[in-house]
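# Structure assessment
Read off the chains here:
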Amino acid sequence: MPTEKERLDAVEPTVADLVHRTQLLTAELERVSARLLVLERRLSGAGAGPDEDFDAVDGEIGDIVAALRAAWDAEQEVLADSVRFELSQEVSEHDGLKERRDAARAHLASGRMPRFERDALEHEVHQLDWKIGSAEAGALDAAARLEADAAAAEDARRQEAILAGEKAREEIWDAATRRLERALAADTRLPVWFRVGMGEIPSPDPNPWVRAATGLIAYRLEYGVTTAVDPLGDPPTAGSGSAAWVRRTEVHTDLVDQLHTLRP
């Protein structure tokens, strides 16, 4: 039967191996914990690097933003396509009512007809007169807006600014993409508005997050939003019908939907 010393000598290599393995596991856990801390700080925007200024209009994008501002001014007098269509429909419907009334009047004046037919036509003329009168102010306003829109469309300098804005809109998206990639790679401290709007990068598919983040940065740069906490600033309104405001409202609505999807 082995002595106590012999039993200890037999187990000593196993114990030494377990101690070594424990030391290795402890070191690995410390390494992983440190890495997780870095990732958590990066995902929350509390990076170890300097503060990131996504809103900076520096030399890299100064000319692009200037082109976007000029396009914004130029599009104030130009109607959005959807608004132009609605106004054209309003004018067309009003003109159609007048054509129907004039045709009915001409038929009444054309000669004798049965009493019931004359009564029906006179009633139709009366109803059309009422509809024309109630819609006339709106139709006149619509026609005036369409006329002003057509005059604005003939302004060569205005159209040049609008076309330059379309090109600049693509360039600002590329610039936003570069800024986001640089910030994530450098582990910079992200702005509060970005953390409020975007939250953490989801897994396993971060693409919707990246797309929304890029769009958010581009939106703020294009429209000069500099709020510290609110990602999108004050909501725009498309009430004027101008191409500039309608586009901004549509982009704003799309971004709100994307952010709500990312952070239900």
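For the structure itself, consult the block above.
Residues numbered from 1 in each chain as written. Predicted model: local features only at pLDDT ≥ 70, side-chain atom pairs only at ≥ 80, totals over all residues. Heavy atoms only, no water.

### Focus on the pattern of salt bridges
Heads up, the condition is: A carboxyl oxygen of Asp or Glu within 4 Å of a side-chain nitrogen of Lys or Arg is what we treat as a salt bridge. Think of it this way: any DSSP run of H or I at least four residues long counts as a helix, any run of E at least two long counts as a strand, and we number them from the N terminus.
Inspection of the entire model under this criterion finds 15 salt bridges. We note a salt bridge from Arg182 to Glu52, for which the minimum N-O separation is 3.6 Å. On the criterion of sequence distance, the pair formed by Arg182 in helix α5 (residues 156-186) and Glu52 in the loop between α1 (4-44) and α2 (62-74) is long-range, its members being 130 residues apart. In this structure, Asp149 and Arg84 form a salt bridge, with 2.7 Å as the shortest nitrogen-oxygen distance. Of this pair, Asp149 sits in helix α4 (residues 115-153) while Arg84 sits in helix α3 (residues 81-108); the two residues are 65 residues apart in sequence, bridging distant segments of the chain. The network of salt bridges with shared partners includes Arg101, Asp102, Arg105 and Asp129.

### Concerning the packing of α5 against helix α7 (residues 207-223)
To keep things clear, this is the line we draw: Simply put, an axis is a line fit to the C-alpha atoms, just over the touching stretch for a helix, and the angle between two N-to-C directions goes from 0 to 180 degrees. Any angle from 65 to 115 degrees is called roughly perpendicular, while one under 35 is roughly parallel, one over 145 is roughly antiparallel, and all others are oblique. For a crossing to be left-handed, the near helix must be turned anticlockwise from the far one by less than a right angle; the clockwise case is right-handed. Contacts between residues were defined by any pair of non-hydrogen atoms, one from each residue, lying within 4.5 Å. Each residue receives one of three labels: charged for Asp, Glu, Lys and Arg, nonpolar for Ala, Val, Leu, Ile, Met, Phe, Trp, Tyr, Cys and Pro, and polar for the others, Gly being one of them.
For the pair α5 and α7, interaxial distance at closest approach is 8 Å and the crossing angle is 120°. If you check the angle between α5 and α7, you find them oblique. Seen along the crossing, α5 lies across α7 with a hand that is right-handed. Contacts between α5 and α7 involve Arg169, Ile172, Trp173, Ala176, Thr177, Arg179, Leu180 and Leu184 on the former and, on the latter, Trp209, Val210, Arg211, Ala213, Thr214, Gly215, Ile217, Ala218, Leu221 and Glu222. Broken down by class, the residue content of the contact of α5 with α7 amounts to eleven nonpolar, three polar and four charged.

Keep in mind these values describe shape, not function.
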